[in-house]
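Spelled out, the chains give:
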Amino acid sequence: MPKPVPVPPSSVTTPARPTVAVVGAGAAGALVAVQLCETAARRRTPLDLVLIDPAAEAGRGTAYATEVPEHRLNVPVGGMSCYPDDPGHFRRWLCRHGESTVTAGDFASRHRFGSYLADTLGRAIITAHGTVAVRRLRTRATRCTDTPDGRLELRLADGGTVTADSVVLATGPAAGTARWAPAALRGSDRFIGSPWAPGALDPVGPSDDVLLVGAGLTAVDLALVLDRPGRTVHALSRSGLLPRPHAVAPLPPVPAPPDLTALPLRRLRTALRRHFAASLRDHGDWRPALDGLRPAIAALWQGLTDEERAEFLERDATRWNVHRHRMAPATAETIARARAARRLRVHAGRITAARPLDDGRIAVGLADGRELTVAWVVDCTGPGLRTDASDDPLWGGLLADGLAAPGPLGIGVATDAGRLRDARGGTGRPLFTLGAPRRGELWETTAIPEIRAQAREVAESVLAPLSRAPQATRRRPTDQFGLPLSTHAAAAAAFRSGLGRVVTVRAKAAEAFTRATALDPGFALGHAALALLGHECGADLDVNRELADAQRSVAERGDDRERSFVDVVTRRIRAHEADGADGAGGEDGDRALVAHLDRYPGDAFALSIAVPTIAFSGVGDLDGSLAGRIVERTAPAYDGHWFPTSLLAFVRQEQGRIDEAGALAKAALAAEPASGHAVHALAHVHYESGDHRAGRDWLDGWIGGQGRGAVHRAHFSWHVALHELALDDSEAVRRRWFAQLAPRQVNGVRALVDSGSLLWRARMSRNWTGAVPVDGVLDAVARDLLERPATAFTALHSAVALTAAGDLPALRRLRSHAAGADAVQREVIAPLCRALEAVLEEQWTPAVEGLRGLLPALRRVGGSAAQREVVEETLLYALLEAGQSDAARHVLEERLDRRASPLDRRRLADLPG
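What counts and how
What you see as residue numbers is a count from 1 along each chain, following the sequence as written. Whole-chain, interface and lining totals are the exception, using all residues; otherwise, since this is a predicted model, local features are given only for residues with pLDDT of at least 70 and side-chain atom pairs are given and counted only at 80 or more. Side-chain numbers come from the whole structure's heavy atoms, not from hydrogens or water. Think of it this way: any DSSP run of H or I at least four residues long counts as a helix, any run of E at least two long counts as a strand, and we number them from the N terminus. In this scheme, a residue with accessible area under 20% of its type's maximum is buried, one over 50% is exposed, and one in between is partly exposed, where area comes from a 1.4 Å probe on protein chains only. Residues count as neighbours in contact if any of their non-hydrogen atoms are within 4.5 Å of one another. For accessible areas, the Shrake-Rupley method is used with a probe of radius 1.4 Å. Any residue's cover is judged against the shown protein chains and nothing else. We score Asp and Glu as negative and Lys and Arg as positive, and we do not count His or the chain ends. Here the site of a charge means NZ on Lys, CZ on Arg, CG on Asp, or CD on Glu. Grid points spaced at 1 Å over the protein atoms alone were grouped into cavities, where a 1.4 Å probe fits but cannot get out, and pockets, open sets with protein on both sides within 12 Å along at least five of seven lines, with lining residues defined by an atom within 4 Å of a point. Grid points are joined across faces, edges and corners, and a volume is the space filled by probe spheres set on the points. The term polar contact refers here to a pair of N or O atoms within 3.5 Å; inside protein, the definition further demands a hydrogen-donor-capable atom paired with an acceptor-capable atom, and it admits residues adjacent in sequence only when both atoms are side-chain atoms. For this analysis, a ring pair means two rings from Phe, Tyr or Trp (six-membered ring only for Trp) whose centres lie within 6.5 Å, classed as stacked if their planes differ by under 30 degrees, edge-to-face if by over 60, and tilted for the remaining angles. When the NZ atom of lysine or the CZ atom of arginine is within 6 Å of a ring's centre and also within 35 degrees of its normal, the charge is said to sit over that ring. Strands are treated as partners if at least two bridges between them are detected by DSSP. Simply put, an axis is a line fit to the C-alpha atoms, just over the touching stretch for a helix, and the angle between two N-to-C directions goes from 0 to 180 degrees. By salt bridge we mean one thing: a side-chain nitrogen of Lys or Arg within 4 Å of a carboxyl oxygen of Asp or Glu. Helix span, expected: 1.5 Å multiplied by one less than the number of residues in the helix. Side-chain atoms within 4.5 Å link the members of a nonpolar core, which is a set of buried Ala, Val, Leu, Ile, Met, Phe, Trp, Tyr and Cys residues. pLDDT gives the predictor's per-residue confidence on a scale running from 0 to 100. Roughly parallel refers to an angle under 35 degrees, roughly antiparallel to one over 145, roughly perpendicular to one between 65 and 115, and oblique to any angle outside these ranges. Throughout, a crossing is termed right-handed when the near helix is turned clockwise from the far one, and left-handed when it is turned anticlockwise from it by less than a right angle. When residue character is reported, Ala, Val, Leu, Ile, Met, Phe, Trp, Tyr, Cys and Pro are called nonpolar, Asp, Glu, Lys and Arg charged, and the others, Gly included, polar.

1. Some words on the overall build of the protein
Consideration 1: Looking only at helices and strands, the protein features 38 helices and 18 strands.
Consideration 2: Considered along the principal axes of its C-alpha atoms, the protein spans approximately 105 × 70 × 50 Å.
Consideration 3: Burial status across the protein gives 55% buried among its 913 residues.
Consideration 4: The long-range fraction of contacts in the protein, counting pairs at least 24 apart against all pairs at least 6 apart in sequence, stands at 66%.
Consideration 5: Total accessible area on the protein is roughly 37,300 Å²; 50% of this is exposed by carbon and sulfur atoms.
Consideration 6: The average position of the 112 basic charges and that of the 108 acidic charges among the side chains of the protein differ by 3 Å.

2. Comments concerning empty space enclosed by the protein
Consideration 1: Evaluated as defined, the whole model comprises 5 cavities of 30 Å³ or more.
Consideration 2: Computed from the structure, the largest cavity encloses a volume of approximately 80 Å³.
Consideration 3: In this structure, the largest cavity is lined by Tyr-687, Leu-722, Leu-725, Ala-726, Arg-761, Glu-873, Arg-895, Arg-899, Ser-901, Leu-903 and Asp-904.
Consideration 4: Elements supplying a minimum of two residues to the lining of the largest cavity: helix H27 (713-726) and helix H38 (902-910).
Consideration 5: With 3 residues, H27 is the largest single contributor of residues to the lining of the largest cavity.

3. Brief notes about the environment of Glu-57
Consideration 1: Among the secondary structure elements, Glu-57 is positioned in the loop between strand E2 (47-52) and helix H2 (89-96).
Consideration 2: Sequence separation between Glu-57 and Ser-115 is 58 residues; the distance between their C-alpha atoms is 9.3 Å.
Consideration 3: Polar contacts involving the side chain of Glu-57 include one to the side chain of Arg-60, which spans 2.8 Å.

4. Looking at the packing of aromatic side chains
Consideration 1: Applying the stated criterion across every chain, the model contains 24 aromatic pairs.
Consideration 2: Ring geometry for Phe-481 versus Phe-643: centroids 6.3 Å apart, planes at 40°, classification tilted. Of this pair, Phe-481 sits in the loop between helix H14 (448-463) and helix H15 (489-504) while Phe-643 sits in helix H23 (residues 642-654), placing them 162 residues apart in sequence.
Consideration 3: With a centroid separation of 5.9 Å and an interplanar angle of 75°, the aromatic rings of Trp-760 and Tyr-877 are classed as edge-to-face. With Trp-760 in helix H29 (residues 748-764) and Tyr-877 in helix H36 (residues 865-882), the pair connects residues that are 117 residues apart, well separated along the chain. Here Trp-760 matches Tyr-877 in class, with each residue buried.
Consideration 4: Here the aromatic residues Tyr-64, Phe-90, Trp-93, Phe-113 and Tyr-116 are joined through ring pairs into a cluster of three or more.
Consideration 5: Its end group placed over the ring of Trp-376, Arg-190 keeps NZ or CZ at 4.5 Å from the ring centre.
Consideration 6: Here the guanidinium or amino end of Arg-439 rests over the ring plane of Trp-443, the centre of that ring lying 4.3 Å away.

5. Let's talk about the sheet that holds strand E12 (residues 351-356)
Consideration 1: What the 3 strands build is an open sheet, ordered E12-E13-E14; its pairing is antiparallel. Across the chains shown, the open sheet's two edge strands, defined by having one partner strand only, are E12 and strand E14 (371-374). Within the sheet, the average angular offset between the axes of one strand and its neighbour, ignoring direction, is 20°.
Consideration 2: As paired elements, strand E13 (residues 362-366) and E14 share 4 bridges and run antiparallel to each other. Bridging from a neighbouring strand, Gly-365 pairs with Glu-371 of E14.

6. Considering the pattern of salt bridges
Consideration 1: Using the criterion set out here, one finds 75 salt bridges in the structure.
Consideration 2: Here Arg-343 makes a salt bridge to Asp-227, at a shortest N to O gap of 2.7 Å. With a gap of 116 residues between them, Arg-343 in the loop between helix H11 (329-340) and strand E11 (344-348) and Asp-227 in the loop between helix H5 (217-226) and strand E10 (233-237) connect regions that are remote in the sequence.
Consideration 3: Using a relative accessible area of 25% as the deciding quantity, one classes Arg-343 as partly exposed.
Consideration 4: The salt bridge involving Glu-632 is made with Arg-652; its shortest N-O contact spans 2.3 Å. A residue pair is termed long-range when its members are at least 10 positions apart, and Glu-632 in helix H22 (residues 625-634) and Arg-652 in helix H23 qualify at 20 residues.
Consideration 5: Residue classification places Arg-652 among the buried residues on the basis of a relative accessible area of 4%.

7. Observations concerning the side chain of His-596
Consideration 1: In this fold, His-596 is placed in helix H20 (residues 586-599).
Consideration 2: Overall, the relative accessible area of 0% leaves His-596 in the buried class.
Consideration 3: Here the side chain of His-596 touches Asp-603 through a polar contact of 2.8 Å, side chain to side chain.
Consideration 4: In contact with His-596, other than residues within four places in its own chain, are Arg-561, Ser-564, Phe-565, Val-568, Asp-603 and Ala-606.

8. Overview of unusual backbone geometry
Generally, phi is negative for residues other than glycine and the peptide bonds are trans, each holding for most cases.
Consideration 1: At Arg-342, a residue that is not glycine, the phi angle is positive and equals roughly 65°.
Consideration 2: Along the chain, the position of Arg-342 falls in the loop between H11 and E11.

9. What to know about H23
Consideration 1: Between its terminal C-alpha atoms H23 stretches 19 Å, which fits the 18 Å expected from 13 residues at 1.5 Å a residue.
Consideration 2: Burial analysis of H23 places 12 of its 13 residues in the buried class, the great majority of the element.
Consideration 3: Restricting attention to buried positions, one finds in H23 the residues Trp-642, Phe-643, Pro-644, Ser-646, Leu-647, Leu-648, Ala-649, Phe-650, Val-651, Arg-652, Gln-653 and Glu-654.
Consideration 4: Here the buried face of H23 lies against H15, helix H21 (604-610), H22, helix H24 (658-671), helix H25 (676-688) and H36.

10. So, H14
Consideration 1: Taking 1.5 Å of rise per residue, 16 residues should cover 22 Å, and H14 covers 22 Å from first to last C-alpha, within 8% of that figure.
Consideration 2: What H14 keeps buried is the set Ile-448, Pro-449, Glu-450, Ile-451, Arg-452, Gln-454, Ala-455, Val-458, Ala-459, Val-462 and Leu-463.

11. Remarks on the side chain of Arg-439
Consideration 1: With respect to the element layout, Arg-439 can be found in helix H13 (residues 439-442).
Consideration 2: Although Arg-439 lies buried, it forms no salt bridge, and the closest oppositely charged side chain, Glu-444, sits 6.8 Å away as judged by the N-O distance.
Consideration 3: If we skip the residues at most four places from it in the chain, Arg-439 touches Trp-301, Asn-321, Leu-385, Ile-411 and Thr-445.

12. Here's the deal with the sheet that holds strand E4 (residues 141-146)
Consideration 1: Reading across the sheet, the 3 strands line up as E4-E5-E6 and stay open at both edges, with antiparallel pairing between neighbours. In this open sheet, the two strands that pair with only one neighbour each are E4 and strand E6 (161-164). Strand-to-strand twist across the sheet, computed as the mean angle between neighbouring axes with direction ignored, equals 20°.
Consideration 2: By the bridge criterion, 5 bridges tie E4 to strand E5 (residues 152-156) in an arrangement that is antiparallel. Pairing of Ala-141 across the sheet is with Leu-156, part of E5.

13. Quick look at the nonpolar core
Consideration 1: Judged by nonpolar contacts, the single largest core of 77 residues is most densely connected at Phe-513, Phe-605 and Leu-607.
Consideration 2: Of all the elements, helix H17 (residues 524-537) adds the most residues to this core, at 9 residues.
Consideration 3: Setting aside residues up to four positions removed in sequence, Leu-607 forms contacts with Leu-597, Ile-630, Val-631, Thr-634, Tyr-638, Phe-643, Pro-644 and Leu-647.
Consideration 4: Ala-721, Leu-741, Val-839 and Ala-866 belong to the second-largest nonpolar core, a separate cluster that totals 67 residues.

14. Some remarks on the confidence of the model for the protein
Consideration 1: A residue-level look at the protein finds 96% of positions with pLDDT of 70 or above and a mean pLDDT of 91.
Consideration 2: Of all helices and strands in the protein, the one with the weakest mean pLDDT is helix H31 (residues 783-787) (85), whereas strand E7 (residues 166-169) scores best (98).
Consideration 3: This stretch, residues 1-15, has a pLDDT under 50; its non-local contacts, to residues over four places away or in other chains, come to 27 contacts.
Consideration 4: Segment residues 579-585 is flagged for pLDDT under 50; beyond a separation of four residues in sequence, or across chains, it makes 26 contacts in the model.

15. Looking at the packing of H29 against helix H32 (residues 792-805)
The description of two helices packed together rests on the angle between their axes and the distance between the axes.
Consideration 1: With their axes 8 Å apart at the nearest point, H29 and H32 run at an angle of 45° to one another. When the interaxial angle is binned, H29 and H32 end up oblique. Every pair of crossing elements has a handedness; the one defined by H29 and H32 is left-handed. Residue-level contacts link Val-749, Leu-752, Val-753, Ser-757, Trp-760 and Arg-763 of H29 to Phe-793, Thr-794, His-797, Ser-798, Val-800, Ala-801, Thr-803 and Ala-804 of H32.
Consideration 2: Class assignment of the residues belonging to the contact of H29 with H32 gives a composition of 8 nonpolar, 5 polar and 1 charged.

So this is what it looks like as structure tokens:
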């Protein structure tokens, strides 16, 4: 994140706008700051945000400052997002930062997670720039007191003060006090009380034996650092139990039994033992049962009496912790190897004495009479539970002054949903906390999944009284079709620019929508548009992040139409992500889109989505009849505008109404010569009517003129090359491919759909001599897009490109993916891959049978007839290779009945007999 300018020791006075101070800039403080910045920016709530923490970098704290690569998170990547409503955010961040193969089940390094926190905070600060002014004070807060005007004053260790309208105490776990250690041990220079302090372990010699007091995750991390040949590391705890490992292949959580919260502790123990036993019996693992309890843990803890909680801490807490807070599998393997080699020895016991030895070492006496002789003793007992027992002057002062009260059993502090209760039980002060200080109330409150939810809750509570009420009478700007937009004029202008580019199929629509959301981070339609362009058009965007922003924004500031549109986009994206989605966008998404257009026929963006054209996959419509009815029903809302005419032209050519499609396309182009939809429709009209020379010349001229700014220029070039291929002009096809379709010109999904498919067609028709340069195409496409495509349409072209490359293993991996994906991939793409595998293996009879059987089902894949025709071309190739001349003749004659083609006439003439 950007490094804020240091503020010298001085008093920071409150400006005209509200000030929020966050004390602590570790994980909890960073997560609160992210939520404050982003929520304030969405709501246009001016704010001064002061982060108070002595650390050099915000976000790391103690936990994530370690640079030891073996120090891994103890929660998988999929559970470590900064955002409760965007669980994949951390994984996507890792993918964008060089770890493209990471999965949600992997365990990242803690240092990497600290970098993620810092980067996410930095981006949030940039997003909120102009609305939220952020300052970092690299010092500690030592006191918090009331001011006469109802605010709060923080005194700082450097002598300065901060007066704030609200204060969030994100101080993390209370530091341990080592009161368990005998005085002789605490006073020894061989005792390391703060192992995470910089340089704390530097004095440990290469052959020095070390005793770690505590056997939890802190001890595990230090054992990884200290493990080396010639050294013995001892780990001592009362139970002698190490954390259990996570499963290498974890199973889904098993939901907790109902009505557990009403049970007393004795009966709760029995019910949970049965729950774990059932999981072990049914799944061979206790972990799913424990993981299924996680959402209920706070309620279970709150359902206990104080006496029962004390009994739990005495009898159950140790076993709970070693099973609940587990090691990453790789960490567990390393620890197991160290134990097997006797370099790590784990003991159960309690220290009762310590005495120095003449050689500088220290003899540590245990309660059972044993004695361990080591060079160093390291406190790994972790944070203390009681806030009032810590040495933190800030919390000590709050408790002494009555501004805070201890939590249950003296653990942490008492709050009302994060707002501190004072000694009288009141919650009137704007004083908040989250994370470890709430442990007495929630028990499970120190892991990122809980802290991020609390951060959002605290930010909402802080900002709620500061946010301005919406001005209902203010006239809103509109899009170019007259629909109101819940944003200001500048962002609306950028949105209109983006929408204009969408309806004309011109480049830089994503840039325009990005500008709109930068001007107004709470503009829901801008975020929804970006999510859709990333999902369906391959724009380089974080789809899930934009979708989450759209959902947050429309909930806070959006009218009925905007909420409906965001819901449509959400359903389309989620349908493609979920197994079992049937067709483009899924039936549920299609129904929502049709219903939206029935209510809001003038929503041009929604109409663009509905019609399967060059830009979007459209509704799951096998014959174009639904898309045609949608355009016809909505057209009156546009009062003769060329846009619905251009869409109807494309629908009509898909329905085989070629003459009508040509007339509609020409009418739209007369009104708007840059209309990409109309040009696309006319390109298909020329191809399907066999007018290849006229189509080639007209489209080539348009590409060099009005089409220079087209977003899918490569696809228009593909259409020209298709004419050249039909004309049997090998040299023209090669020139076109290298000039306009080679990877240096095209990348991503367009390289797959246009460049790769053309090479395969050219090779099969003997219009490309020598090896086809398909490897460059594959290099231009992300591996996930090739082998794990989200849509059947992309999957078809992945299969074609992999066949052109002769990559049989990758084709099999694609088939495996398709077999577990949505219904169209299972029923069309998986059999297609199997047939293409037969092509590569030169098993021509099964290839012919498989390809022929798929032809009637290809409409389900989406795209145009001209694109799907690549499968028929492959069938013709297989027939010719199999020597089935009569069957090949039948196919060619049928094709020539559909349209003229010098290429097909040549192939027909070349047949024997």
